[in-house]
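# What the coordinates show
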Amino acid sequence: MAESHADLPPTRTIQPIDPPPPSSASTTAQLKADIDSGRTGDKAEVFDPGLSPLGTDDEAAGHPPSPERVNLARKAEGQDRFAGGAERASYAHHRQNKAQWGFVAFIVLAALIFVSVYWLK
């Protein structure tokens, strides 16, 4: 008999997050949505639950970030970051990481050395 999971709350962690629209008066919630949507190139495009929202510590200290500073952060972390053709180094963005091939080559080389030393003994 199948169990009913009606008492479990729905989760958004497996659904892609849409990026927030551009704004002249951005908030830290929009900056976090930029990060969660994958726009900044730092992580996969899914919701990331945090214990405390971005900017909470600044607000608790009595110095919430101004919309101008959040706009600057959104611009610096957004698509302009990759405008010069720099590739994203994350598998989460379906890019190929060159370090993977170096690691595979190292493993193959180590295996060849091990086999050749074993073979010559």
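Nothing here was measured: the structure is a model prediction, and the numbers come from that model. (Residues numbered from 1 in each chain as written. Predicted model: local features only at pLDDT ≥ 70, side-chain atom pairs only at ≥ 80, totals over all residues. Heavy atoms only, no water.)

### A look at the overall build of the chain
The test is simple: Counting from the N terminus, the helices are DSSP H or I runs at least four residues long and the strands are E runs at least two residues long. We call a residue buried when its accessible area falls under 20% of the maximum for its residue type, exposed when it is over 50%, and partly exposed in between, using a 1.4 Å probe and counting protein chains only. We call two residues contacting when some pair of their heavy atoms lies within 4.5 Å. All accessible areas in this document rest on Shrake-Rupley with a 1.4 Å probe, and a residue is counted as covered only by the protein chains that are shown.
Counting its secondary structure elements, the chain contains four helices and zero strands. The order of α-helices and β-strands along the chain, N terminus first, is α-α-α-α. Burial status across the chain gives 17% buried among its 121 residues. Looking at the chain alone, contacts between residues at least 24 apart form 62% of all its contacts between residues at least 6 apart. Working note: accessible area of the chain is about 9,500 Å², and carbon and sulfur atoms make up 64% of it.

### A short note on the pattern of salt bridges
Applicable threshold: Salt bridges, as used here, are contacts in which a Lys or Arg side-chain nitrogen is within 4 Å of a carboxyl oxygen on Asp or Glu.
Applying the stated rule across the entire model yields three salt bridges. In this structure, Lys32 engages Asp36 in a salt bridge whose closest nitrogen and oxygen atoms are separated by 3.0 Å. Placement of both Lys32 and Asp36 in helix H1 (residues 28–36) is noted, with a separation of four residues, approximately one turn of the helix. A residue is classified by how much of its surface remains accessible, and Lys32, at 21% relative accessible area, is partly exposed. The salt bridge partner of Arg74 is Asp34, with a shortest N-O separation of 2.5 Å. Placement of Arg74 in helix H3 (residues 67–77) and of Asp34 in helix H1 is noted, with a sequence separation of 40 residues between them. Residues Arg74 and Asp34 agree in their burial class; the two are buried. Each of Asp34, Arg39 and Arg74 takes part in one network of salt bridges that share partners.

### Things to note about the packing of H1 against H3
Stated formally: Axis angles are defined between N-to-C directions and span 0 to 180 degrees, where every axis is a line fitted to C-alpha atoms and, for a helix, only to the segment in contact. Convention used here: angles under 35 degrees read as roughly parallel, angles over 145 as roughly antiparallel, angles from 65 to 115 as roughly perpendicular, and any remaining angle as oblique. Classification used: nonpolar for Ala, Val, Leu, Ile, Met, Phe, Trp, Tyr, Cys and Pro, charged for Asp, Glu, Lys and Arg, polar for all others including Gly.
Contact pair H1 / H3: the axes reach a minimum separation of 9 Å and the direction vectors enclose 10°. The orientation of H1 relative to H3 falls into the category roughly parallel. Contact with H1, carried on its side by Thr28, Gln30, Leu31 and Asp34, involves Val70, Ala73 and Arg74 of H3 and no other residues of that element. For the contact of H1 with H3, the per-class residue count stands at three nonpolar, two polar and two charged.

### Describing H1
Within the span of H1, buried status applies to Thr28, Gln30, Leu31, Ala33, Asp34 and Asp36. On its buried face, H1 sits against helix H2 (56–60) and H3. At the C-terminal side of H1, Gly38 shows a positive phi close to 85°.

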